[in-house]
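Single-letter residue listing:
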Amino acid sequence: KAGVTQTPRYLIKTRGQQVTLSCSPISGHRSVSWYQQTPGQGLQFLFEYFSETQRNKGNFPGRFSGRQFSNSRSEMNVSTLELGDSALYLCASSSLGATNEKLFFGSGTQLSVL
Amino acid sequence: GENVEQHPSTLSVQEGDSAVIKCTYSDSASNYFPWYKQELGKRPQLIIDIRSNVGEKKDQRIAVTLNKTAKHFSLHITETQPEDSAVYFCAATYEGAQKLVFGQGTRLTINP
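Residues numbered from 1 in each chain as written. Chains lettered and ligands numbered in written order. Predicted model: local features only at pLDDT ≥ 70, side-chain atom pairs only at ≥ 80, totals over all residues. Heavy atoms only, no water.

Asks: Would you mind showing me how to read the interface of chain B and chain A here?
Replies: Put simply, an interface is often sized by how much accessible area is lost when its parts join up. Between chain B and chain A, the contact holds 19 residues from the first and 23 residues from the second. Around 1,800 Å² of area is buried between chain B and chain A when both sides are counted, 51% of it from carbon and sulfur atoms. Of all residues in chain B, the largest losses of buried area upon contact with chain A belong to R43, Q98 and F102 of chain B, amounting jointly to 36% of the total for that side. Taken together, the links from chain B to chain A amount to zero salt bridges. Put simply, chain B and chain A have seven residue pairs in polar contact (both at pLDDT 80 or more) between them. Only β4 (32–38) and β5 (45–51) of chain B provide two or more residues apiece to the side of chain B that touches chain A. The greatest single-element share of the side of chain B that touches chain A, amounting to three residues, is contributed by β4 of chain B. Classifying every residue of the side of chain B that touches chain A by side-chain character gives nine nonpolar, six polar and four charged. (Contact = heavy atoms within 4.5 Å. Buried area = accessible area lost by both parts, 1.4 Å probe. Salt bridge = Lys/Arg side-chain N within 4 Å of Asp/Glu carboxyl O. Polar contact = N/O pair within 3.5 Å; in protein donor to acceptor, adjacent residues only side chain to side chain. Helix = DSSP H or I, 4+ residues; strand = E, 2+ residues; numbered from the N terminus. Nonpolar A, V, L, I, M, F, W, Y, C, P; charged D, E, K, R; others polar.)

Keep in mind these numbers describe shape, not what the thing actually does.
Right under this line is the structure:
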């Protein structure tokens, strides 16, 4: 089975722009969650989707949004980028969700905001 | 909301010695506690997990213990090897949360 795939691997944007990140889960996995990783804050939960429905959302501003498609692929969007949004964005997939089983992480998208 | 504190933030041990990383959680409803290892430039990977109905779990050189009363859990690595060098994250969650709350991470360095 192919692992979790995230694209693009690296992104450089300027303040005020918007960005869309993509995540393809392991085949058969219906849960996709997103985490922001920064050196000082560790991994912070953004949101989780299951069968196209958002089941939980972390404490991030409304500039951060996401969605999931019928094939379980997920995208997250950040609008009006700020310098503090620079981070590694990781997505993770599982069959049912984080509270029941192992999460499989992608390699992440490294976002730099200048 | 749930909060997970992890200590120490950095840990350096001699090859062959043991390493212990400790985490404390705040939400008494938490019932699933995984540990993830992230090597430099790589994705986090689950190495061991424990549920609240179990006090201890072992997998070769790795063990995790859970003290529900004190709301803390620990990762124990024995006979450390250079390939154990990585950042380790503890996490906690509860049924229905659909998210993991991670600790801040511990950078473990194994000195030859």
